[in-house]
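So the chains spell out like this:
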There are 2 protein chains.
Amino acid sequence: MVVGISILLDFSGVVAEKFHCAAYWESLLDQVIKIGEMTKLHMSSHQFEKVKHHTKPGFYKSNLHGGATAFALLAESHISVHTWPEYQKVVVDVFTCGSQKHIDDIVNFLQDEIQHSDIRITRLKRGGSF
Amino acid sequence: MVVGISILLDFSGVVAEKFHCAAYWESLLDQVIKIGEMTKLHMSSHQFEKVKHHTKPGFYKSNLHGGATAFALLAESHISVHTWPEYQKVVVDVFTCGSQKHIDDIVNFLQDEIQHSDIRITRLKRGGSF
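Residues numbered from 1 in each chain as written. Chains lettered and ligands numbered in written order. Predicted model: local features only at pLDDT ≥ 70, side-chain atom pairs only at ≥ 80, totals over all residues. Heavy atoms only, no water.

A. Geometry of the sheet that holds strand β6 (residues 118-126) of chain A. All names here are of chain A. Strand order in this open sheet of six strands is β2-β3-β4-β5-β1-β6, and the pairing throughout is antiparallel. Looking at strand neighbours, the two that pair on one side only are β2 (40-47) and β6, the edges of this open sheet. Along the sheet, successive strands turn relative to each other by an average axial angle of 10°, direction set aside. Two strands pair when backbone bridges link them, and strand β1 (residues 4-12) and β6 are joined in this way by nine bridges, in the antiparallel orientation. Bridge pairing in β6 places I7 opposite R123. Taken strand by strand, helix α1 (residues 22-35) contacts β2, β3 (68-74), β4 (77-84) and β5 (89-96), and its axis lies near 155° from that of β2. Sheet strands touched by helix α2 (residues 103-113): β1, β5 and β6. Its angle to β1, the strand with the most contacts, is close to 15°. (Pairing = 2+ DSSP bridges. Helix = DSSP H or I, 4+ residues; strand = E, 2+ residues; numbered from the N terminus. Axes fitted to C-alpha atoms, helices over the stretch in contact; angles between N-to-C directions. Contact = heavy atoms within 4.5 Å.)

Next comes the structure, spelled out in structure tokens:
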């Protein structure tokens, strides 16, 4: 018995002007909610401090902005976005137990909106063992 | 380049006394945060109305409580819980870009705390194409 679906989008090579701006990501989630005809219960976000030091490989040195993160709690489950400007990465999770008729529209919108060089999309049925 | 890990836990056959109680699930998320030594940025939750009518197969008729949902935005990403008392289902997502040394402790804690008959656990590395 399936209660919903998770769409996990892992973007690489992202160059977004407003990458580090929590308000931008909140507005992006609002657009997803509108496309999906979802009901928002709550939205929250956070803007992290600038990255000053980092030693991991793959560090994108010309962008030292801190990341941003945003989350929408929905009547139909949730949507989240987390960003790592220092690695040019953005990860979006869309979990809905509502109608799936707009899922492809949401995935297409996010791919158009978040400029990237590479993406992994994972779709998972949720709600138990299958 | 991996930026984090998602642990997706899909519980079936759940009989929880406080299934429908948002405050209970918030306290559960707080315990996960404590075990994981994570930093909470924000917590929100919602308690749904009682389920009055339902026609889907698998409907658990003796429990007509509405579900509850809770979400914690973390410095290390997020944790969410969504419940469907009418199907005896609970779904927990733990996404962390922080230390993974307590991941097994978190998974064990959730399995002990949420009494269930069946579970599916999915672990996914996050942050791009692999």
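Next comes the rest of the description.
B. Focus on the environment of L74 of chain B. Turning to its location among the elements, L74 of chain B is positioned in strand β3 (residues 68-74). In the structure, L74 of chain B is positioned 34 residues away from K40 of chain B in sequence and 4.6 Å away in space, judged by C-alpha atoms. If we skip the residues at most four places from it in the chain, L74 of chain B touches F48 of chain A together with I33, M38, T39, K40, L41 and I79 of chain B.

C. Focus on the interface of chain B and chain A. If you look at the interface, chain B gives 43 residues, while chain A gives 43 residues. Overall, the association of chain B and chain A removes approximately 3,400 Å² of surface from exposure, summing both partners, and the carbon and sulfur fraction of that is 64%. On the chain B side of the contact with chain A, M1, R120 and R126 of chain B bury the most area, a combined 16% of that side's loss. The interface formed by chain B and chain A contains four salt bridges. Between R126 of chain A and D10 of chain B there is a salt bridge whose closest N-O contact spans 3.0 Å. Put simply, chain B and chain A have 19 residue pairs in polar contact (both at pLDDT 80 or more) between them. The set of elements that each furnish at least two residues to the side of chain B that touches chain A consists of β1 (4-12), β2 (40-47), β3, β4 (77-84), β5 (89-96) and β6 (118-126) of chain B. With seven residues, β6 of chain B is the single largest residue contributor to the side of chain B that touches chain A. Each residue belonging to the side of chain B that touches chain A can be placed in one class, and the counts come to 20 nonpolar, 15 polar and eight charged. (Buried area = accessible area lost by both parts, 1.4 Å probe. Salt bridge = Lys/Arg side-chain N within 4 Å of Asp/Glu carboxyl O. Polar contact = N/O pair within 3.5 Å; in protein donor to acceptor, adjacent residues only side chain to side chain. Nonpolar A, V, L, I, M, F, W, Y, C, P; charged D, E, K, R; others polar.)

D. Region of the structure containing the environment of K50 of chain A. One can find K50 of chain A in the loop between β2 and β3. Along the backbone, K50 of chain A and E86 of chain A are 36 residues apart, and their C-alpha atoms lie at a distance of 9.5 Å.

E. Structural view of helix α2 (residues 103-113) of chain B. Residue and element names in this part refer to chain B. Taken as a whole, α2 has its buried residues at I103, I106, V107, F109 and L110. Along the axis of α2, the buried residues cluster in a sector spanning 160°; they form a single face. Where α2 is buried, its residues contact β1, α1 (22-35), β5 and β6. (Buried < 20%, exposed > 50% of the residue type's maximum accessible area, 1.4 Å probe, protein only. Arc of directions from axis to C-beta.)

F. Representation of the pattern of salt bridges. Per the counting criterion, the structure on display carries ten salt bridges over all chains. Linking D93 of chain A and R126 of chain B is a salt bridge whose minimum nitrogen-to-oxygen distance equals 2.8 Å. On the criterion of chain membership, the pair formed by D93 of chain A in strand β5 and R126 of chain B in strand β6 is interchain, its members lying in two chains. Residue D93 of chain A shares its accessibility class with R126 of chain B, and that shared class is buried. Across the salt bridge formed by R120 of chain B and D10 of chain B, the nearest N and O atoms sit 3.4 Å from each other. In this pair, R120 of chain B is assigned in strand β6 and D10 of chain B in strand β1, connecting sequence segments 110 residues apart. The network of salt bridges with shared partners includes D10, D93 and R120 of chain A together with R126 of chain B.

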